[in-house]
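Structural characterization, general
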Amino acid sequence: MIYFLFSLAVILAFVLAYFLFQTHKKKTLLEAELNQIKERYDENQFHLDFFLEHTSDFLFKFNPEGIVTYSSMNVVRIMGRNPNIRLAHYSNSYSDNPINLKARERIDGFLAGKYDTVPPYFVEVNDARGFPHMLEVFHKPIYSDKGELTAVTGIAKNITGIYNAELEIKKFEKEQILILDAIPDTMFTFDKQGFLLNYHAKNEVSDPLSAEKKLGENIVDVFPEEIIPVMTTGLERAHVTDELQTVEFKLEIGKKELFCEGRFIKLTDDRILLMMRDITAQKQLEEGLKLAKEAAENANQAKSTFLATMSHKIRTPMNGVIGMTNLLNETLLNAEQRDYVETIKVSGETLLRIINDILDYSRIESGKVTLEDSVFGLKRVVEESLNLVAYEAKGKKVGLNLYIDENVPEFFYSDRNRLGQILVNLLSNAVKFTERGFVSVKVSLIEFKEDTVNVEFKIQDTGIGVAKEDIKNLFKEFTQVESSNSRRFGGSGLGLAIVKNLLKLFNGKVSVQSELGKGSLFTFNVYLKTPVGEMTEEERKTAGGLSRYEVDKLGDVLSGKYPLKILLAEDNGINSKLICLILERMGYVPTLAKTGQEALSQMLDQSYDVILMDVQMPVMDGIEATKRIRTLNLNPSPYIIGISASAFDEDIENAKQSGMDDYLIKPLKFEALRSKLIEVGQMRFPFVS
């Protein structure tokens, strides 16, 4: 019995040792597996932490009450929040963006058992500094073995950059739509083959095109047949040249006709934009402006024609009055008769000056006056201007004084006639408004720069003066300080306006200082060029010679030196008589013709060296007669001098284009006619000294 028990004990000991050995072996294996699992976990955790550290996503977990129990370490970098802080509600970091309300309603409903799942959603949260971040959240619920919700794991993907970019894109698209809606153009997008890809229409131009029904169709099917060639050409050129192509065409909408403009713009190698605009109003405006321009030009032409006609009508009798007065002044007269003749002469010259003012102002206003440069002596020009007002000044016992500084150059290269006209207008005013005392001219040098000299003129008088409030009106057209019907001083009211405008040609200005009852001081400056190189004695003599204002006595008889045959074509009896008297004093007896037709007939009968051709004559005028004479191809050809009261530049140019060799303006200057005959005589008889 004892043996049996002992044997059983030994067996049990062996069994127990075996089980202990197996248990230790399993424990060792389990510990090894546990270590491997822990290593894999640590490795996975390392990879997860590494991934999260370099991404904008983070992990979090909250319990069924919504309390956050875990957040990944990278939440510090992304949100600036400490991941070790727990027990905060998941919604604590939500912003006040309305998008969060729907998300929270869904999560709270899920935690309360109202919903089975929580689909991905967007929320906006504030980081530790209060800046918003847009997150896309994915949830994974965790259940116990009993099916109870124990926690919710979430992954938050930070899409703030994408979200902001989408907002900018939407904002840009909205702006583009607003801009497109504001543009009054209809826009089409075609590919390079001409197929319609897109369109945007905001006006009635697109209505007859029915563009919305023609997407995908070719351009030849989009537009009316009559404008297809224009549109296809514009599309092709825009694609080939890469340049903007503009076309114009008409569209009929019902009974209404629209003028349209199309602009083809190459956007890419396969996309071409067409912008169509209704330009009917613009076309109507252009047509209106064209009609207005034509009306203005017609009115200006009518004014020019009227002035030319009036010039001719007034100058023609004035030619007779002044010419006969000059001839009469050369005869034997007693003192009383000579005084009468001088009065007639002054009156005639005053009237002629008013006519010249009106014509000059008209030419200046139309921009047809330019400077004609020549060399002249400044002192001579000023003296000539003083000579023209000397008679009136002598009659009123008004003294004339001239002062020229020594440093002012003697000769200049500019327009002596226009400079003289400025001086005469100012001197005439000064003498006219001065009853006693003096009128003085002072010339001084302001600046000498290279070949241009800035010269200042001061014209001072002791006349009636001008009130301060009236000075501003002095240089206005057709304006006189004393404008009542009982005024003592006449004039056109254009003299100072002409001075102001002529000075612009010299780049100069004029100013005035005046005191009522004490006289006036007019100051102006002009920029004049100096002659290049040294002048010869002959050039000095010519530059200081006679001015255009002076009228010499008739010189020596010319017919003995230059036996010219002269034909005079003049329909006005007085002017014809005057010119004949002048020619007779030079030794010539002209043949007379009263019309251009008669002058042409005379030329067919015999030859003439000189034809004095009036421009305006009945039956056939001087222009037409000259053209016909030139077609005769006469040898030698007569020297034709046009004579007319029309003083406009275009009239002179027209006369010369018709075949006239020269042109003289009425009232005829004796010396001017004499000089022309000497020129012709020297050409016809070159060996006569």
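Scroll up to find the structure.
The rules we used
Residues numbered from 1 in each chain as written. Predicted model: local features only at pLDDT ≥ 70, side-chain atom pairs only at ≥ 80, totals over all residues. Heavy atoms only, no water. Salt bridge = Lys/Arg side-chain N within 4 Å of Asp/Glu carboxyl O. Helix = DSSP H or I, 4+ residues; strand = E, 2+ residues; numbered from the N terminus. Buried < 20%, exposed > 50% of the residue type's maximum accessible area, 1.4 Å probe, protein only. Pairing = 2+ DSSP bridges. Core = buried A, V, L, I, M, F, W, Y, C linked by side-chain atoms within 4.5 Å. Contact = heavy atoms within 4.5 Å. Axes fitted to C-alpha atoms, helices over the stretch in contact; angles between N-to-C directions. Patch = residues over 30% accessible without salt bridge, like charges linked within 9 Å, V, L, I, M, F, W, Y side chains within 5 Å. Areas by Shrake-Rupley, 256 points an atom, 1.4 Å probe, with all protein chains shown as cover.

Taken as a whole and judged by the stated rule, the model has 17 salt bridges. Here Asp609 ties to Arg684 by a salt bridge, and the two come within 3.2 Å at their closest N and O atoms. Residue Asp609 is found in the loop between α15 (596-605) and β20 (610-614), and its partner Arg684 is found in helix α18 (residues 670-684); the two are separated by 75 residues along the sequence. Here the salt bridges share partners, and the residues they tie into one network are Asp242, Lys266 and Asp269.

With that settled, the discussion passes to the pairing of β20. Where burial is concerned, most of β20 is hidden: 5 out of the 5 residues are buried. On β20, burial covers both faces: Val610, Leu612 and Asp614 on one face and Ile611 and Met613 on the other are all buried. Relative to β20, strand β18 (residues 566-569) runs parallel, the two sharing 4 bridges. Counted as the bridge partner of Ile566 is Val610 from β20.

Leu378, Leu419, Val455, Phe457, Ile459, Phe524 and Val526 are the most contacted members of the largest nonpolar core, which totals 39 residues. Within the residue set of this core, elements represented by two or more residues are α9 (378-395), α10 (416-432), β14 (437-449), β15 (452-461), α12 (495-505), β16 (510-515) and β17 (519-529). By residue number, the principal contributor to this core is α10, which donates 7 residues. Ignoring sequence-local partners within four residues, the contact set of Leu378 consists of Val408, Glu410, Phe412, Leu419, Val443, Val455 and Phe457. Leu568, Ile579, Leu583 and Ile678 belong to the second-largest nonpolar core, a separate cluster that totals 25 residues.

Bringing the sheet that holds strand β19 (residues 591-593) into the picture now. Across the sheet, which stays open at both edges, the 5 strands sit in the order β19-β18-β20-β21-β22 with parallel pairing between neighbours. The open sheet has two edge strands, β19 and β22 (662-665), and neither has a second partner. Taken over all neighbouring pairs, the strand axes of this sheet differ in orientation by 20° on average, direction set aside. Bridge analysis of β20 against strand β21 (residues 639-644) gives 5 bridges, and the strand direction is parallel. Looking at the pairing, Asp614 lines up with Ile643 of β21. Strands in contact with helix α16 (residues 622-631) are β20 and β21; relative to β20, the strand with the most contacts, it is inclined by about 150°.

What follows covers a nonpolar patch on the surface. A surface patch of nonpolar side chains, about 560 Å² in accessible area, is lined by Met1, Phe4, Leu5, Leu8 and Leu12. Take Leu8: it is sitting in helix α1 (residues 2-53). What makes Leu8 partly exposed here is its relative accessible area of 37%.

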